[in-house]
Amino acid sequence: SLVDPQDYFVPKKSILNKIVGDSQLELDVAECLDGCDDIVSFVKNSELKMDYRNAEGGISNYIPDFIVKESPDTYHVLETKGREDIDDASKFERLEQWCADATATEQGPKYYPLYVREGDWLSYRPRTFEQLRKLGSRPKRAVPPAIPAELEQRFAGLVMRWREKTRFSSTA
C-alpha cells in the first residue's frame, strides 16, 4: 500500500531538517516560529511524552506539539489546539505539573507551558514569539452533560419511594 504524503515545512531554526505537521495549524505555527527573531530555536516534539489520567479514569500518553528555546535557560512547551476534546484540560494540567517539576531545581533551565487555540491563532496571526505567548490560554474543563428533566424527575421519584419504604420497614 502507498503512504499518503504529508505536508511538511523546511525550517532554519530547528535541529530537524523537516517539520511534518499533524495539522495545518501545526505547520503554520512552525513557520511562524521559524521566522521569530525572539527565539533561539524550536523542535516539533516527538520525544517528550507524559502520562495523564483521561476522562474515563485510565492512563493515557500525551505528547505536546513543540518545544521552543527562547533563551539558553528558558524553554516553552507549546500545545496547539484545533478541535478541543474532553481530555484537553487534564493534559494541560499534566503539562503544567511537568514544567513545574522540571523547573524545580535551582540550577538548570526553566520550562513554561503554553496552550494556543486555533481560533485565537487565526484571529491574531502573531509574528513574534512574544505575541504568540500572549495568545496562550487554558483549555476549558469539559462540563458533563445536563441530566434531562424527565430522568431527574424519575430519579427523584425513586428516591422518595425508597425513603418511604425504608422509613416504614425500620419502624416495624
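You'll find the structure just up there.
Small disclaimer: the values here were computed from a predicted structure and weren't measured. (Residues numbered from 1 in each chain as written. Predicted model: local features only at pLDDT ≥ 70, side-chain atom pairs only at ≥ 80, totals over all residues. Heavy atoms only, no water.)

Visitor: Whenever I open this one, the overall build of the chain confuses me. Can you help?
Guide: The helix and strand tally for the chain stands at 5 helices and 8 strands. Listing each helix as α and each strand as β along the chain from the N terminus yields β-β-α-β-β-β-β-β-α-β-α-α-α. Taking the intrachain contacts of the chain between residues at least 6 apart in sequence as the baseline, contacts between residues at least 24 apart amount to 49%. Taken as a whole, the chain presents about 11,600 Å² of accessible surface, with 52% of it coming from carbon and sulfur. (Helix = DSSP H or I, 4+ residues; strand = E, 2+ residues; numbered from the N terminus. Contact = heavy atoms within 4.5 Å. Areas by Shrake-Rupley, 256 points an atom, 1.4 Å probe, with all protein chains shown as cover.)

Visitor: Please explain the layout of surface pockets as it appears in this structure.
Guide: With a probe scaled to a water molecule rolled over the atoms, the places where space remains empty come into view. Counted as a void, the largest pocket has a volume near 190 Å³. Every residue lining the largest pocket is counted, 13 residues in all, and those nearest its centre are S23, E26, T80, K81 and G82. For the lining of the largest pocket, the secondary structure elements donating two or more residues are α1 (24–35) and β7 (74–81). Split into classes, the residues belonging to the lining of the largest pocket amount to 2 nonpolar, 4 polar and 7 charged. (1 Å grid on protein atoms, 1.4 Å probe; cavity = no way out; pocket = protein on both sides within 12 Å on 5 of 7 lines; lining within 4 Å. Points joined across faces, edges and corners; volume = space filled by probe spheres on them. Nonpolar A, V, L, I, M, F, W, Y, C, P; charged D, E, K, R; others polar.)

Visitor: What am I meant to see in the nonpolar core here?
Guide: The tendency in soluble globular proteins is for nonpolar side chains to be buried as a group. The biggest cluster of nonpolar side chains holds 20 residues, and the ones touching the most others in it are L33 and L78. Taken together, the elements giving at least two residues each to this core come down to α1, β6 (66–71), β8 (110–117) and α4 (129–134). The leading source of residues in this core is α1, at 6 residues. Setting aside its immediate chain neighbours within four residues, L33 contacts K13, I39, F42, F66, V68, L78, F129 and L132. Listed in part, the 9 residues of the second largest apolar core include Y62, V77, C99 and Y115. (Core = buried A, V, L, I, M, F, W, Y, C linked by side-chain atoms within 4.5 Å. Buried < 20%, exposed > 50% of the residue type's maximum accessible area, 1.4 Å probe, protein only.)

Visitor: In this structure, what is going on with the sheet that holds β7? I would like to understand it.
Guide: By definition, the strands of a sheet pair up through backbone hydrogen bonds, in either a parallel or an antiparallel sense. Strands sit in the order β3-β6-β7-β8 across an open sheet of 4 strands; the sheet is mixed. The sheet is open, and its two edges are formed by β3 (41–44) and β8, each paired on a single side. With strand direction ignored, the average angle separating the axes of adjacent strands in the sheet is 20°. The sheet contacts of α1 involve β3, β6 and β7, and relative to β7 the element is tilted by about 150°. Strands in contact with helix α2 (residues 88–103) are β7 and β8; relative to β8, the strand with the most contacts, it is inclined by about 160°. (Pairing = 2+ DSSP bridges. Axes fitted to C-alpha atoms, helices over the stretch in contact; angles between N-to-C directions.)

Visitor: What's the story with the packing of aromatic side chains in this structure? I'm lost.
Guide: Between two aromatic rings, the relevant description is the distance of the centres plus the angle of the planes. Per the counting criterion, the structure on display carries 4 aromatic pairs. Ring centres of Y75 and Y111 lie 5.3 Å apart, and the angle between their planes is 20°; this geometry places the pair in the stacked category. Residue Y75 is located in strand β7, and its partner Y111 is located in strand β8; the two are separated by 36 residues in the primary sequence. Arranged with centres 5.2 Å apart and planes meeting at 75°, the rings of W98 and Y111 form a pair that is edge-to-face. With W98 in helix α2 and Y111 in strand β8, this residue pair connects regions lying 13 residues apart in the sequence. (Phe/Tyr/Trp six-rings, centres within 6.5 Å; stacked < 30°, edge-to-face > 60°.)

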